[in-house]
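Topology and contacts: notes
Letter by letter, the chains look like this.
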Amino acid sequence: MSRIGKMPIEVPQGVDFKLEEGNLVTVKGPKGTLSRKLAPDMNIAVEGGVVTVTRPSELKRHKALHGLTRTLINNMVVGVTQGYTKTLDIIGVGYRAAKNGNKLNLTLGYSHPIEMTDPDGITSAVEGTNKIVVSGIDKEKVGQYAAEIREKRRPEPYKGKGVRYSNEKVRRKVGKTGKK
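Conventions we followed
- Residues numbered from 1 in each chain as written.
- Predicted model: local features only at pLDDT ≥ 70, side-chain atom pairs only at ≥ 80, totals over all residues.
- Heavy atoms only, no water.
- Pairing = 2+ DSSP bridges.
- Helix = DSSP H or I, 4+ residues; strand = E, 2+ residues; numbered from the N terminus.
- Axes fitted to C-alpha atoms, helices over the stretch in contact; angles between N-to-C directions.
- Contact = heavy atoms within 4.5 Å.
- Phe/Tyr/Trp six-rings, centres within 6.5 Å; stacked < 30°, edge-to-face > 60°.
- Lys NZ or Arg CZ within 6 Å of the ring centre and 35° of its normal.
- Salt bridge = Lys/Arg side-chain N within 4 Å of Asp/Glu carboxyl O.

The antiparallel open sheet is built from four strands, whose spatial order is β11-β12-β7-β13. Among the strands making up the open sheet, the edge pair consists of β11 (122–127) and β13 (162–165). Each strand axis lies, on average, 25 degrees off the axis of its neighbour in the sheet, ignoring direction. Sheet topology places strand β7 (residues 84–91) next to β13; four bridges connect them, and they run antiparallel. Residue pairing in the sheet places Asp89 in a bridge with Arg164 of β13. On the sheet, helix α2 (residues 139–151) packs against β7, β11, β12 (131–136) and β13 and is oriented at approximately 5 degrees with respect to β7.

Attention shifts here to the packing of aromatic side chains. Scanning the model with the defined rule gives zero aromatic pairs in all. Taking NZ or CZ as reference, Lys86 lies 5.2 Å from the ring centre of Tyr165, over its face.

For the rest of this paragraph, the subject is the pairing of β7. Of the strand pairs in this sheet, β7 and β12 are connected by six bridges, and their pairing is antiparallel. Note on β12: the bridge partner recorded for Leu88 is Ile132.

What follows deals with the pattern of salt bridges. With the rule as written, the count across this model stands at seven salt bridges. The salt bridge partner of Glu58 is Arg55, with a shortest N-O separation of 3.2 Å. Salt-bridge contacts for Arg150 lead to Glu168; the nearest nitrogen and oxygen are separated by 2.7 Å. On the criterion of sequence distance, the pair formed by Arg150 in helix α2 and Glu168 in the segment after β13 is long-range, its members being 18 residues apart. Residues joined in a network through salt bridges with shared partners are Arg55, Glu58 and Lys63.

Moving on, we come to the sheet that holds strand β8 (residues 96–100). Read from one edge of the open sheet, three strands run β8-β9-β10, paired in antiparallel fashion. Of all the strands in the sheet, the pair left with one neighbour each is β8 and β10 (114–117). Averaged over all adjacent pairs, the angle separating strand axes in this sheet is 25 degrees, with direction ignored. The sheet contact formed by β8 and strand β9 (residues 103–107) spans five bridges and is antiparallel. Considered in β9, the bridge of Lys99 is made with Leu104. The strands touched by α2 are β9 and β10; relative to β10, the strand with the most contacts, the crossing angle is about 175 degrees.

By themselves these figures say nothing about function.
Below you can see the structure in the form of structure tokens.
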């Protein structure tokens, strides 16, 4: 039995959980609405304010989908109640970020500035000139947009310059030494 899959999901007050034909799950809460079509062979049951996910058999595919389905539903419930944020730090001389409407302008040492538009449902904010906070209700979209920002200039191991997550540790390397 999946340790994660068998855990029940508590649906808090003020959250509307709707299960439709073909495992289409819609979760509506104070921060917004999320809907997702989940694997049709998983059994999702709603009793009172508790959602449980069970698998129909012990097939390898069903075992893999069990924990995934439960986690996706839980992420939706947490997203519409609390939301998700990712924080990125920009490190490097002359590297900075600025916000202009829904556009994020990045200066990362290239010959041109980089302009990124916030996707639907995702907001980015700039704190100071070297900290970006990406937030939204969909965990997958928040993580994807933060990864796309980071990919514009990944942290390099020699000087540590680039865009990195706030909790990311960059492993530093020693540079070349010349012979005398």
